[in-house]
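Take a look at the letters that make up each chain.
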Amino acid sequence: MATNKFKSESPYVKRDERTHHPSDLKYGQFLAQVQGSTSPAAPVAVALIGFGRAGGIHLTNLSSSPSFSLLYVVETDKSKFSQVQSMTDSECTVTADLEKVLSDERVEACVICTPTFTHCEIVLRALKAGKAVFCEKPIGETVTDTKKCYETASAAGNTLFCGFQRRWDPTFAPTIFLY
């Protein structure tokens, strides 16, 4: 009989505590629902750094999501300021001054969409300023730079997330299995 092997007690019965990494936001949301504290979380105050191709995509997503409050867009090309301002609300400041943004205590997280060669430096500066960081790939130009960024995030207790756009896009997903 197939059920005979399941006669004994489940190995999971005596496991009262489960551990999840603090960055597991989905589990945190699940716990909040189960425990009855389902009030919506306050929006995360974000700064977008870089307004190129990827920055434009992230600007649209951040601006339209109720989960985020876009406080700043940092762009060194001042000719893009009016375009950026037309895509955001009046609460968002467009600036070239990264230091001003990183020193603003209201900013909780930075989304980095600058050219690749600038990623490592900006990631480290944002982490050292106490910000959570989402950075477009790659985090650094070398393995050493990338490790340094993740080690800095870990030591500071901050989140560092590397974005892989289109990784699970149905048109690209089959290529994952080619390797």
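## Examining the overall build of the protein chain
Of regular secondary structure, the protein chain possesses 7 helices and 6 strands. Going from N to C terminus, the protein chain has its helices and strands arranged as α-β-α-β-α-β-α-β-α-β-α-β-α. Relative to its full complement of 179 residues, the protein chain shows a buried share of 34%. Counting contacts in the protein chain only where the partners sit at least 6 residues apart, residues at least 24 apart contribute 55% of the total. Of the roughly 12300 Å² of accessible surface on the protein chain, a fraction of 56% belongs to carbon and sulfur atoms.

## Things to note about the pairing of strand β1 (residues 44-49)
Summarising burial for β1: 5 of the 6 residues are buried, a large majority. When β1 meets strand β2 (residues 68-74), the two strands line up parallel, connected through 6 bridges. By the bridge assignment for β2, A47 is matched with Y72. Following the backbone out of β1, through helix α2 (residues 53-64) and into the adjacent parallel β2, one traces a crossover that is right-handed. Both β1 and strand β4 (residues 109-112) contribute to a ladder of 4 bridges, which runs parallel.

## Observations regarding the side chain of D104
Summarising the element assignment, D104 is placed in the loop between α4 (98-103) and β4. Within polar-contact distance, the side chain of D104 engages the side chain of Y72 at 2.6 Å. Sequence-distant contacts of D104, defined by excluding residues within four places in its chain, comprise Y72 and K131.

## Comments concerning the nonpolar core
Counting 25 residues, the largest nonpolar core has V123, V133 and L160 as its most contacted members. Elements that contribute at least two residues to this core include exactly β1, β2, α4, β4, α5 (119-128), β5 (132-136), α6 (143-156) and β6 (160-163). A total of 6 residues in this core trace back to one element, the largest contributor, which is α5. Membership of the second largest hydrophobic core comes to 16 residues, among which are F51, L59, L62 and V73.

## Section: unusual backbone geometry
Cis geometry marks the peptide bond from K137 to P138; its omega dihedral reads -10 degrees. In this structure, P138 sits in the loop between β5 and α6.

## Observations regarding the pattern of salt bridges
Proximity of charged atoms lets side chains of opposite charge pair with each other. Counted according to the given criterion, the structure contains 3 salt bridges. The salt bridge partner of D104 is R106, with a shortest N-O separation of 2.8 Å. The closest approach of N and O atoms between R125 and E121, which form a salt bridge, is 3.2 Å. Of this pair, R125 and E121 both sit in helix α5, 4 residues apart, roughly one helical turn. Relative accessible area serves as the criterion here: at 49%, E121 is assigned to the partly exposed category. Each of E99, E121 and R125 takes part in a single network of salt bridges with overlapping partners.

Scoring rules and cut-offs
- Residues numbered from 1 in each chain as written.
- Predicted model: local features only at pLDDT ≥ 70, side-chain atom pairs only at ≥ 80, totals over all residues.
- Heavy atoms only, no water.
- Helix = DSSP H or I, 4+ residues; strand = E, 2+ residues; numbered from the N terminus.
- Buried < 20%, exposed > 50% of the residue type's maximum accessible area, 1.4 Å probe, protein only.
- Contact = heavy atoms within 4.5 Å.
- Areas by Shrake-Rupley, 256 points an atom, 1.4 Å probe, with all protein chains shown as cover.
- Pairing = 2+ DSSP bridges.
- Right-handed = clockwise from strand over helix to strand, strands pointing away.
- Polar contact = N/O pair within 3.5 Å; in protein donor to acceptor, adjacent residues only side chain to side chain.
- Core = buried A, V, L, I, M, F, W, Y, C linked by side-chain atoms within 4.5 Å.
- Salt bridge = Lys/Arg side-chain N within 4 Å of Asp/Glu carboxyl O.

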